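A structural walkthrough
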Amino acid sequence: MGSEISPEDDIYPLALLMDELKHVDVINRVEAMQRIDTVAEALGPERCRDELIPFLLEVAQDDEDEVFAILADQLGKFTQYVGGPEHLTILIQPLEVLASAEDTVVREKAVMSLNNIAQELSEEQLFNAFIPLIQNLSTADWFSAKVSACGLFKSVLVRIKDDSIRSNMLSMYLQLIEDETPMVRRSASKNLPSIIDLFAQNQSLPTPEDWKSISTMFQKIMDDDQDSVKFLAVDCLISILKYFNKNKDYSNANDLLESTKKLITDESWRVRYMIADKFEEVASQFSNDEAYINSLVEPFIGLCEDNEADIRKAIAKQLPGFVSLLNNPTVVLEKIFPIIRSLSMDDNEATRASLALTITNIADVLDRQQTTDNLIPVLLDMLKDEFPEVRLNIIGNLKAVYDVVGVQLLSESLLPAITELANDMNWRVRLAIIKYIPILAEQLGEEFFDKQLRELCLSWLWDTVYSIRNAAINNIKRLTEIFGDKWCQEEIISKLLKFDTQLLENFVYRFTLLSALTTLIPVVSQKITAEDILPFINHLANDSVPNIRFNIAKSYAAVAESFSKDLNTYQDTIKNTIIPALKNLNEDEDIDVKYFASQSLEKSQSILQ
């Protein structure tokens, strides 16, 4: 873009930007700031460094947050405009100012840009400019600068080969963990897992002294008096466990197990919620020792019985994962199933719905008899739950149970629940069950579907609510994609075309039937379209209702498009049947019919060319 500006004009870009950034309207200033890359390119690297960056440094100290946010984001992409990586340190000063801003969005964008820049800095630039930046922010008087500093350590720690310097940096980070301001401690705690993960990727780097510092940080977070800080210990715990497991170092496993139990029984519900929400991930880190996993059974049960409904809801989702880790059917049947039964009858409907999402996966660790005797009775009760979401979640996740117990036993309990949901007074519940039918079809197979569910799917086509009818049409299309067009012809189209003449007098019936058959055109063969669907379309071509006629016009276009895939066979049909019918509709007195007929006619004629 700079090449389009002539030499005599190159004095204007910066002056123009300065004028626009002094505009009284903040929207104009934001738009101007969004174009600073264009200005930088027009100025060239040298003038960008000497004139634009100093000007932007001034702007960074005196404008609105909206302008600051754009500037912070743009500066992270300025490498080419300042002349390459060797000149990147010139961007650090304005970004340091922005990283100290009060607005959270501005700070986050500034930190992101600084981290991007850090990846391109040489080791010398890192030590001479970036590490001093972190030190300045970490020791600033105002909390906002310290919050930003916490997000920058990850860009330098693994690049520091000198153990003493890295140790000093970790000591600085520990001071942020211990800061008197909760917001700083929260930011430091939130960023600690990413530092640990980087050490896991560079296992030869951290020394025992480094891990001593990290261990101290973790304990400080665990003991913090602020819930908003303490609950972040869960993510730190997971990262620490992953590090040691990757290193096959289990010497600290017992201490970390005790830390896990301490978090599970913490008096703060936020902390308990966090560990409940990530219980499987935490527990899986102890899977190398069966005794450790077994020792988590009672704490797990404690979370399932927690007084807080949100915690019970979170832990309910973790059941299958934890059960699979136990790998002990006896423990599952004797200790876990009583809790499952309790959760399935929980007073909180959201907890029951959460359990319903995953409970069927427990069948994976049980044999057929155990599933029949223990899991099926719970599912039967949940299929009778008064809360529709519970029933829908069970129905939508039955494959694991089907694989174990087979279709007959499942169908005996499943069908009554589906039928009840299909006839629910609330149309949204009926709509939800329709969306689950293709999932069931894939899980249970064609034979079961034809015997038990096909008639139900066809009945939805005549529901009083349009959204249900429309969903039923799309449902049939999806089923055709699953079972094939031969199935569709025999089990769906043939049934639809056995219409009662009196029913066809009803506009809604005709319209729904036309919509259903037209929707099926892309998923059935040209032969089925020609033999079964096209004759019905022709039958309605002169319908008395304009809405039907213009939909007929659209249907003809869909047929022509399908026939275009086999023109050798169906060219004459397009020419002698579809085009004459569309020409006739194009002369219709209704303007909408004429419009759609002309569109379809043009499309059909273009297929023959």
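Residues numbered from 1 in each chain as written. Predicted model: local features only at pLDDT ≥ 70, side-chain atom pairs only at ≥ 80, totals over all residues. Heavy atoms only, no water.

UniProt annotates the protein chain under Sequence similarities (unreviewed entry) with the comment "Belongs to the phosphatase 2A regulatory subunit A family." (UniProt positions renumbered as here; feature names shortened; annotations may be inferred.)

**Overview of the overall build of the protein chain**
Looking only at helices and strands, the protein chain has 37 helices and zero strands in total. Expected size for 609 residues packed as a compact globule is a radius of gyration near 25 Å; at 34 Å, the protein chain overshoots this value by more than 25%. In terms of overall dimensions, the protein chain has a C-alpha envelope of 90 × 85 × 40 Å along the principal axes. Taken across its 609 residues, the protein chain has 52% of its residues classed as buried. Both charge centroids of the protein chain, one from 57 positive and one from 96 negative side chains, sit 5 Å from each other. (Helix = DSSP H or I, 4+ residues; strand = E, 2+ residues; numbered from the N terminus. Rg over C-alpha atoms; globule rule 2.2 N^0.38 Å. Buried < 20%, exposed > 50% of the residue type's maximum accessible area, 1.4 Å probe, protein only. Lys, Arg positive; Asp, Glu negative; His and termini not counted. Charge placed at Lys NZ, Arg CZ, Asp CG, Glu CD.)

**Comments concerning the domain arrangement of the protein chain**
Partitioning the protein chain into structural domains gives domain 1 (9-121) and domain 2 (498-608). Spacing between the C-alpha centres of domain 1 and domain 2 amounts to 60 Å. (Domains from an automatic or database assignment.)

**Quick notes on the pattern of salt bridges**
For the structure on display, the rule yields 26 salt bridges. Linking Asp588 and Arg549 is a salt bridge whose minimum nitrogen-to-oxygen distance equals 2.7 Å. Here Asp588 is found in the loop between helix H36 (567-585) and helix H37 (591-608), whereas its partner Arg549 is found in helix H35 (residues 546-563), with 39 residues between them in sequence. Using a relative accessible area of 13% as the deciding quantity, one classes Asp588 as buried. The buried category is assigned to Arg549, whose relative accessible area is 8%. One network of salt bridges, with partners in common, ties together Arg454, Glu455, Glu491 and Lys495. (Salt bridge = Lys/Arg side-chain N within 4 Å of Asp/Glu carboxyl O.)

**Re the packing of helix H8 (residues 123-138) against helix H10 (residues 163-177)**
How two helices pack is summed up by the angle between their axes together with the distance between the axes. Two elements in contact, H8 and H10, have axes whose closest approach is 10 Å; the angle formed by their N-to-C orientations is 25°. Classed by the angle they form, the pair H8 and H10 counts as roughly parallel. Here H8 runs over H10; the crossing is left-handed. Where H8 approaches H10, its residues Phe127, Ile131, Ile134, Gln135 and Ser138 are matched on the opposing element by Ile165, Met169, Met172 and Leu176. Its residues assigned to classes, the contact of H8 with H10 comprises seven nonpolar, two polar and no charged. (Axes fitted to C-alpha atoms, helices over the stretch in contact; angles between N-to-C directions. Parallel < 35°, antiparallel > 145°, perpendicular 65-115°, else oblique. Left-handed = near helix turned anticlockwise from the far one by under 90°. Contact = heavy atoms within 4.5 Å. Nonpolar A, V, L, I, M, F, W, Y, C, P; charged D, E, K, R; others polar.)

**Comments concerning the environment of Gln61**
Looking at where Gln61 falls in the secondary structure, it is placed in the loop between helix H4 (45-59) and helix H5 (65-75). The exposure class assigned to Gln61 is exposed, which follows from its relative accessible area of 54%. Taking C-alpha positions, Gln61 is 7.9 Å from Leu98, a pair spaced 37 residues apart along the chain.

**Some words on the packing of aromatic side chains**
Under the defined criterion, the tally for this structure stands at 19 aromatic pairs. An angle of 40° between the planes, with centres 5.2 Å apart, marks the rings of Trp211 and Phe244 as tilted. On the criterion of sequence distance, the pair formed by Trp211 in helix H12 (residues 208-222) and Phe244 in helix H14 (residues 233-246) is long-range, its members being 33 residues apart. A single burial state applies to Trp211 and to Phe244, both of which are buried. Ring centres of Phe300 and Phe322 lie 4.6 Å apart, and the angle between their planes is 25°; on these two criteria the pair is classed as stacked. Taken together, the positions of Phe300 in helix H19 (residues 297-304) and Phe322 in helix H21 (residues 319-326) put the pair 22 residues apart, joining distant regions of the chain. (Phe/Tyr/Trp six-rings, centres within 6.5 Å; stacked < 30°, edge-to-face > 60°.)

**What to know about helix H6 (residues 92-99)**
Of all the residues in H6, the buried ones are Ile92, Pro94, Leu95, Leu98 and Ala99. Each buried residue of H6 lies within a common arc of 165° when the element is viewed along its axis, so the set occupies one face. If you follow the buried residues of H6, they end up packed against H4, H5, helix H7 (104-118), H8 and helix H9 (143-150). (Arc of directions from axis to C-beta.)

**Focus: helix H28 (residues 427-444)**
Between its terminal C-alpha atoms H28 stretches 25 Å, which fits the 26 Å expected from 18 residues at 1.5 Å a residue. Of all bends in H28, the biggest is about 30°, found at Ile437, and the proline Pro438 comes one to four residues later. Buried residues of H28: Val429, Arg430, Leu431, Ile433, Ile434, Ile437, Pro438, Leu440, Ala441, Gln443 and Leu444, and no others. The backbone nitrogen of Arg428 has a side-chain oxygen 2.9 Å away, supplied by the residue at the start of H28, namely Asn426. Two residues or fewer after H28 comes Gly445, characterised by a positive phi angle close to 90°. (Expected span 1.5 Å × (residues − 1). Bend = angle between axes of the 7 residues up to and from the residue. Polar contact = N/O pair within 3.5 Å; in protein donor to acceptor, adjacent residues only side chain to side chain.)

**Re the nonpolar core**
Core analysis: the largest hydrophobic core is formed by 212 residues, its most contacted members being Phe78 and Phe130. By residue number, the principal contributor to this core is H14, which donates nine residues. There are two domains that each give this core at least three residues, and those are domain 1 (9-121) and domain 2 (498-608). Ignoring any residue separated from it by four or fewer positions in sequence, one finds Phe130 in contact with Ile92, Leu114, Ala118, Leu121, Gln125, Leu152, Ser155 and Val156. (Core = buried A, V, L, I, M, F, W, Y, C linked by side-chain atoms within 4.5 Å.)

**Things to note about the packing of helix H3 (residues 36-43) against H4**
At a minimum axis separation of 9 Å, H3 and H4 run at an interaxial angle of 150°. Regarding the angle of H3 to H4, the classification is roughly antiparallel. Helix-helix and strand crossings are classified by hand; for H3 and H4 the assignment is right-handed. Across from Ile36, Ala40 and Leu43 in H3, the residues of H4 making contact are Arg47, Cys48, Leu52 and Leu56. In terms of residue class, the contact of H3 with H4 is made up of six nonpolar, no polar and one charged.

**Some words on the environment of Ile434**
Mapped onto the elements of the fold, Ile434 is located in helix H28. Taking relative accessible area as the criterion, Ile434 reaches 2% and is therefore assigned buried. When the C-alpha atoms of Ile434 and Phe231 are compared, they prove to be 40 Å apart, with 203 residues separating the residues in sequence.

**Things to note about the environment of Ala40**
Structurally, Ala40 is set in helix H3. When the C-alpha atoms of Ala40 and Ala400 are compared, they prove to be 59 Å apart, with 360 residues separating the residues in sequence. In contact with Ala40, other than residues within four places in its own chain, are Cys48, Leu52, Phe78 and Tyr81.

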